[in-house]
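# Results of the structural survey
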Amino acid sequence: MKLLGSIGRGFSLMTILAILAMALTPYSPVVAQDTPVSGGTFRTAISEEPDQLDPANTNQLLASNIMNNIYDRLVYIGEDGLPKPWVAESWAISEDNLTITFKIREGIKFHDGTDLDAEAVKFNFDRILDPATAAPNKAFLGSLESVEAPDATTAVFKFASPYAPFFTNLLSFGIVSPTAVETYGESFGRNPVGSGPFMFGSWDTGSSITLTKNPDYVNYREDDLNRGPAYIDEIVYNVISEASTQTAAFEAGELDMISAPREDVARLAATEGISIVSLEESNNLNFIEYSANEPFRNEAFRKAVSYAIDRESIAEIAYLGNATPNQCPIPIGNAAYDAELCAQYGYSYDLEKAKRALADGGFVDSDGDGIVELNGQNVVVTLWSYAPYPVQSKTIQLVQADLNQIGLQVEVQTVEFGAMQPMLETGEIGFDYMRWTYADQSILSALFKSPGWTGQMDDPELDKLLEVADTTVDPEARIEATHQVMIYILENALISPVVSDWVQSAVRDNVHDYHWDALNTERLIDVWISN
Amino acid sequence: MLRFLLRRVVMMIPVWFAILTLVFLMRALVPGDPVEIMFFGRASSPEVVENMRHQLGLDQPLYRQYFTYVGNVLQGDLGTSITTKRPVVDEILDRYPATLQLALASLTVSVVVGLVAGILAALYKDSAIDTLAMAFSIAGLSMPAFWFGLLMIYFFSVKLGWFSVIPDGSLKSLVLPALTLGLIASSIVARLVRSAMLEVLGQDYIRTARSKGLSEPRIMTGHAIRNALLPIVTIVGLQFGGLLSGAFIIEAVFAWHGIGELGVQAFAKRDFPLTQGIVLVIASSYVLVNLVVDVLYAMLDPRVSLS
Amino acid sequence: MIMAPPDSTRVLSGRLQRVVGSSPLTFTRRFFRYRQAQIAGIIVLVLILAAIFAPFIAPYTPDEVRAGKPLTPPNRAYLFGTDDLGRDMFSRIIYGSRITLRIGLVIVAVEVLIGVTVGLVAGYFGGWTDAILMRFTDVMLAFPGIMLALAIVATLGPGLTNAIFAVALASWPVFARVVRSSVLTVRESEYIIAGKLLGASHFQIIWRGILPNVLAPIIVLASLEFPAAVLVAAALSFLGLGAQPPTPEWGALLTDARNYIRSAPYLINIPGLAIFLTVLAFNLLGNTLRDVLDPRLRHR
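Residues numbered from 1 in each chain as written. Chains lettered and ligands numbered in written order. Predicted model: local features only at pLDDT ≥ 70, side-chain atom pairs only at ≥ 80, totals over all residues. Heavy atoms only, no water.

### Some points on the overall build of chain C
How we decide: The helix count covers DSSP runs of H or I at least four residues long, the strand count covers runs of E at least two residues long, and both are numbered beginning at the N terminus. Relative accessible area decides the class of each residue, using a 1.4 Å probe on protein chains only: under 20% of the type maximum gives buried, over 50% gives exposed, and in between gives partly exposed. Per-residue accessibility takes into account occlusion by the displayed protein chains alone, with areas from the Shrake-Rupley method and a 1.4 Å probe.
Summing up its helical and strand segments, chain C has 15 helices and zero strands in all. Burial status across chain C gives 57% buried among its 300 residues. Accessible area for chain C stands at about 12,900 Å²; split by element, carbon and sulfur atoms hold 67% of it.

What follows is the structure in structure tokens.
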């Protein structure tokens, strides 16, 4: 369980993981207004250097953003949340849900000229399953046991038990060239070779990574506008750790796109020649989670907190309006998100209900000092979050003020993410504000399946519901099963969902058709630059 | 001369070993298991952790680890970075030239500005020039470097557009970071030059020169400045260390990809082989620069006997 | 030639007077004759008053969110504007002065404690003790201050207390060096030898005989280390390793605001200016002290 536990975590950059997803409606397809022209360099910034560009050896979000341009994958996830053909032309799932047979498209070549065939696919997954590789993303393959390649176009995946998140989780596994892995050995992660629209160009240690266009690329994805090779000749990722320096470089015209700092969104949007592109239905979930200690184990306490949080105000102030209040225990971009359902079972801002919930749970202010007591003792609690992200610390301070109003005395404290997990596991952290980026419904298993990612969960009834959701392969039925889990979580107030923050980029106006796909990944193959 | 040099180098060896030992202990004294810390938040099984401990030699007793470490360092092996999985030596060599370049450029700025301001202040002691130079100097000493750096970028790159924000490897992109670090450092140089000059100006031989009727400019260039330069050599050596540490703050602000930026990231990620490597390399450079300064000083100062 | 006074203690303690001049009053008068000391004195006085009377001066508590509309630029109601949570920046700066003073004082106190002890012991006893202690000091000096502080705080984990500890641990060697060389100059002087002849213990001689005589460089150095410590601590906050939000430490305020450098520049310039002025004032005080206490420069 610890494996999955490590998935979510912190705030964008260094954290983890591929954004997996089964998002339904993340973006409105960009309508091409002019005829695309080829050529030009697309200059952007990354806040730090990725560790590797080898999908078997990294789980950084940052690395996966770059790797998405270099590698193709077996399938992609469409706007309907269903897998669509990419490198795999088609596939068949066995009756018992234990075998998936992919038909691999013929004629796809890696950048080094070798063939991407079933044997290469087998090589890729064998490599990740091999314990010697110690692939950080191995857990995403779930119950996958083996891959066979009976012929050049057939890859057979065998599972020990039905594993519904498999298709979405494939996002983490771009297909690498086996020949190149053998050639480069240990240093493959710095000399990546795939079959994607962009080829690895150069890596100037510490300062930039350059990708060049693959002139022979054929795009089989139907969610893109462009079917042929990319329009831009080059992508340059400049390493700039300081966000204000990124913005300065962008405004000085030295970059074409940056991930927009919230503090500057409004100002940049109002600046001539610059647009903000937003993905509001993101796969981000920000929530308050609880330990199994007193008073947090007390359901009334958790319900009171859930009622007392002013989500609108948090989205408005802490996120400067760049987030959507969320009552669901699942990201807004997720296929299973259902605002109506969550409004019915969830907790909207209501201080009276919050106070009543506290009173029902035995929290009363009998000595009149404005602070409620439990068993005669003032309730003094600490709300934690991780550093050094301003938005986390801002949010906990707003929640602190909210909770003061219902008679809870709350301290706030931030701690480096690295130091946080052990504290969560020992229960030293009573409740905390957490953020996970995760697009598949299995986010719920990752968070809550006993003992949960914090080691604080022990709920056999919930485990049973989660088991059903994870082994139901049919998408519709799976959403239904996930809803049962969500209702259970809300009824017991296991977490208090707060907001889903948006993914936002600032783009210069001469950059066209910049967009994300259903899994919140950039599709730079469509981007073109006018003069 | 050779013997003097040799003695200095020999004296340096125990100091360097002590540094090496401290750097080694740095990791050993870290509370918590470094492997646990570094795997933190990544999917890992107990075997993987055990494997890594073995690979890093952490399952050995401390004294064995120490000898292995010293042996490796002496062979030029600083270990492998945990985050990038590249040899630490490579990581440092990739970054070191950029930091050196910045440190030298800042040093030049600080020495030129500091000398001019210090000499002028001393010559025109108690005049408006003196007051101004010293006010400027003390202001520089009081400036938070990161704030100054942010303001520099804002005015010169964004507002005026004179310099690019992203360094492109040209001399021009060196200007802003070197000015930021150099101007701050020049405050100290200016103060010390001023007092060194004042001291020299009060010496007998200057009075003698004056009484012999030598012209003021000749006295200045021929005696005063040359003699005042001596202590400045020492200052420059000390400054160098300050500039290397300034890099830790300034590099991130200017997207300058030197060892300081690398260091901040390595510290933040607890990449201990890299952290140790950086600390060792910087401390060693500092010791080396001070050696050079000592030798220079001895060569320049007739009063220090070389034998 | 040794004049043998009747009582060692009296001889030793008589030296303190020399350090500050004829009397504390004339010393103070002489000190504030300097223009720079007057300016610095006013700034420091304001700072100290702000720290002491923070609850009376500040219109809001420093952590009160939604005290005003978020991101209100400075105006009459909010002298320094409000930050992104609607906290009153004026109140935060006022309360922050307490933290800044504490940082400087604690760091310097720890530095003095370690550095002066090492310097006194090394200088007084000489020989092997001196050699070992001073080599160790040299080794510590080989690590540029902020890098060492960074390494220590990265090891211990971020936080104001750890940052203070790290800075102090990284900077005491300067004191050791200076104190030792001062001790060497007084070690062989008549009254120390006299003290020894009269059978004073090592501790008595160090405490009453040597310490008062090396007080001047300690005071000067401490007054110059104070602003340096404030700057380094702010730098650590800037790197996210020092004070953690919502602590209104000025360096942390700067860090919090650095992405607002374009949208709300006052948020970054006000704490920047506060740090600058404070450090400036203490530097000026330190300089004046040096001028007054350092006999070589006194008449220049």
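### Brief notes about the overall build of chain A
Filter applied, for reference: Only the C-alpha atoms count toward the radius of gyration. The rule for a globule is 2.2 Å times the residue count to the power 0.38. For the purpose of charge, His is not counted, nor are the chain termini; Lys and Arg are scored as positive and Asp and Glu as negative. Taken as the charge location is NZ of Lys, CZ of Arg, CG of Asp or CD of Glu.
Assigned secondary structure in chain A consists of 16 helices and 23 strands. Taken against the 2.2 N^0.38 rule, which gives 24 Å for 531 residues, the C-alpha radius of gyration of chain A at 24 Å falls within 12% of a compact globule. Reported as C-alpha extents along the three principal axes, the dimensions of chain A are approximately 80 × 60 × 40 Å. Classification of the 531 residues of chain A by burial places 64% in the buried group. Of the charged side chains in chain A, 32 are positive and 77 negative, and the gap between their average positions amounts to 2 Å.

### Quick look at the state of the cysteines
Residues and elements named next belong to chain A. Where we set the bar: Here, the term disulfide refers to a pair of cysteine sulfur atoms separated by no more than 2.5 Å.
Within the structure shown, the criterion is met by one disulfide over all chains. At a sulfur-sulfur separation of 1.8 Å, the disulfide partner of C328 is C342. Measuring handedness by torsion sign, the sulfur bridge of C328 and C342 sits at about 100° and is right-handed. Highlighted residues: C328 in the loop between β14 (323-325) and α10 (339-345) and C342 in helix α10, separated in sequence by 14 residues. C342 shares its class with C328; the two are buried.

### A word on the side chain of N69 of chain A
All names here are of chain A. Selection criterion: Working rule for contacts: check all heavy atoms of both residues, and any pair within 4.5 Å makes them a contact.
Among the structural elements, N69 can be located in helix α2 (residues 61-70). The exposure class assigned to N69 is buried, which follows from its relative accessible area of 3%. Apart from the residues within four sequence positions on either side, N69 is in contact with G196, P197, F198, L211, I235, Y237 and L524.

### Structural notes on the domain arrangement of chain A
Interface size, as often reported, equals the accessible area lost upon joining of the parts. All names here are of chain A. Note the following rule: Each domain span listed reflects an automatic or database assignment of domains. Once two parts are brought into contact, the accessible area they lose, counted with a 1.4 Å probe and summed over both, makes up the buried area. Salt bridges, as used here, are contacts in which a Lys or Arg side-chain nitrogen is within 4 Å of a carboxyl oxygen on Asp or Glu. Each polar contact in these results corresponds to two N or O atoms within 3.5 Å; when the atoms are within protein, one needs to be able to donate a hydrogen and the other to accept it, and residues that are neighboring in sequence are counted only if both atoms are side-chain atoms. The nonpolar class holds Ala, Val, Leu, Ile, Met, Phe, Trp, Tyr, Cys and Pro. Asp, Glu, Lys and Arg form the charged class, and all remaining residues, Gly among them, are polar.
Parsing chain A into structural domains produces domain 1 (15-280 + 504-529) and domain 2 (284-501). Distance from the C-alpha centre of domain 1 to the C-alpha centre of domain 2: 32 Å. In this assembly, 21 residues from domain 1 lie in contact with 22 residues from domain 2. Between domain 1 and domain 2, the buried area comes to about 1,800 Å², and carbon and sulfur atoms account for 59% of it. The salt bridge partner of D501 is R262, with a shortest N-O separation of 3.2 Å. Between domain 1 and domain 2 we count four residue pairs in polar contact (both at pLDDT 80 or more) in total. Listed by contribution, the elements that provide at least two residues to the side of domain 1 that touches domain 2 are α4 (166-169) and α7 (262-269). Broken down by element, the side of domain 1 that touches domain 2 gets its largest block of residues, three residues, from α7. Residue composition of the side of domain 1 that touches domain 2, by class: 14 nonpolar, four polar and three charged.

### Some thoughts on the sheet that holds strand β17 (residues 380-387) of chain A
All names here are of chain A. To be explicit about the condition: Strand pairing follows a simple DSSP-based rule, namely that at least 2 bridges must link the two strands. Note on geometry: axes are C-alpha line fits, over the in-contact stretch for helices, and angles between N-to-C directions span 0 to 180 degrees.
Taken in spatial order, the six strands of this open sheet run β14-β20-β13-β19-β17-β18, and their pairing is mixed. Taken across any chain shown, the strands that pair with only one partner, and hence form the sheet edges, are β14 and β18 (409-416). Averaged over all adjacent pairs, the angle separating strand axes in this sheet is 25°, with direction ignored. Pairing of strand β13 (residues 284-290) with strand β20 (residues 495-501) involves four bridges; the strand directions are antiparallel. If you follow F287 over to β20, its bridge partner there is P497.

### Details of the pairing of strand β9 (residues 208-213) of chain A
All names here are of chain A. Inspection of the sheet shows strand β8 (residues 198-204) paired to β9 by six bridges, in the antiparallel sense. Paired with S202 across the two strands is T210, which belongs to β9. Where β8 folds back on β9, the antiparallel hairpin that results is connected by three residues, among which G206 adopts a positive phi of roughly 85°. Two strands pair when backbone bridges link them, and β9 and strand β10 (residues 234-239) are joined in this way by five bridges, in the antiparallel orientation.

### Overview of the pattern of salt bridges
Applying the stated criterion to the full structure yields 35 salt bridges over all chains. Residues E261 of chain B and R95 of chain B are paired through a salt bridge, measuring 3.0 Å at the closest nitrogen-oxygen approach. On the criterion of sequence distance, the pair formed by E261 of chain B in helix α11 (residues 259-269) and R95 of chain B in helix α5 (residues 88-123) is long-range, its members being 166 residues apart. E261 of chain B gets classed as buried once you look at its relative accessible area, which sits at 2%. Through salt bridges that share partners, E49 and R190 of chain A together with R95 and E261 of chain B make up one connected network.

### As for unusual backbone geometry
Residue and element names in this part refer to chain A. For the bond running from E294 to P295, omega is -5°, close enough to zero to count as cis. Tracing the backbone shows P295 in the loop between β13 and α8 (299-308). With an omega dihedral of 5°, the bond running from S450 to P451 counts as a cis peptide bond. When you line up the elements, P451 lands in the loop between α14 (443-448) and α15 (460-471). Notably, N97 is not glycine yet its phi reads approximately 65°, a positive angle.

### So, the confidence of the model for chain A
This is how it is decided: Confidence of the predictor at the level of single residues is captured by pLDDT, which takes values from 0 to 100.
Confidence along chain A averages 89 in pLDDT terms, with 94% of residues attaining 70 or more. Across residues 1-30 of chain A, confidence stays below pLDDT 50; counting only partners more than four residues off in sequence or on other chains, it has 136 contacts.

### What to know about the packing of α5 of chain B against α11 of chain B
All names here are of chain B. The line we're drawing: Angles below 35 degrees are treated as roughly parallel, those above 145 as roughly antiparallel, those between 65 and 115 as roughly perpendicular, and all remaining angles as oblique.
At a closest axis distance of 7 Å, the pairing of α5 and α11 adopts a crossing angle of 130°. As far as their axial angle goes, α11 and α5 are oblique. Each of E91, I92, R95, Y96 and T99 in α5 lies in contact with α11, whose residues at this interface are I259, G260, E261, L262 and Q265. Partitioned by chemical class, the residues of the contact of α5 with α11 number four nonpolar, three polar and three charged.

### Examining the nonpolar core
Convention followed: The nonpolar core is taken to be a set of buried Ala, Val, Leu, Ile, Met, Phe, Trp, Tyr and Cys residues, with the residues joined through side-chain atoms within 4.5 Å.
Formed by 169 residues in total, the largest nonpolar core has its most connected members in I19 and I278 of chain B together with L120, F143, I210 and V214 of chain C. A total of 16 residues in this core trace back to one element, the largest contributor, which is helix α14 (residues 266-293) of chain C. Residue contacts for V214 of chain C: discarding those within four places in its chain leaves L120, V179, S182, V183 and V186 of chain C. Among the nonpolar cores identified, the runner-up in size contains 110 residues, and M457, A481, I489 and L490 of chain A belong to it.

### Side note on the packing of aromatic side chains
Residue and element names in this part refer to chain A. For the record, the criterion: When two rings of Phe, Tyr or Trp (its six-membered ring) have centres within 6.5 Å they constitute a pair, described as stacked for plane angles under 30 degrees, edge-to-face for angles over 60, and tilted for the intermediate range. Any Lys NZ or Arg CZ found within 6 Å of a ring centre and within 35 degrees of that ring's normal is scored as a charge over the ring.
All chains considered together, the criterion is met by 38 aromatic pairs over all chains. Arranged with centres 5.3 Å apart and planes meeting at 70°, the rings of W436 and W453 form a pair that is edge-to-face. With W436 in strand β19 (residues 431-437) and W453 in the loop between α14 and α15, this residue pair connects regions lying 17 residues apart in the sequence. As far as burial versus exposure is concerned, W436 and W453 are alike and both buried. Through a chain of ring-to-ring contacts, the aromatic side chains of W91, F102, F125, F157, F159, F166, F167 and F173 assemble into a single cluster. Across from the ring centre of F250, 5.3 Å away, lies the NZ or CZ of R508, which sits over that ring.

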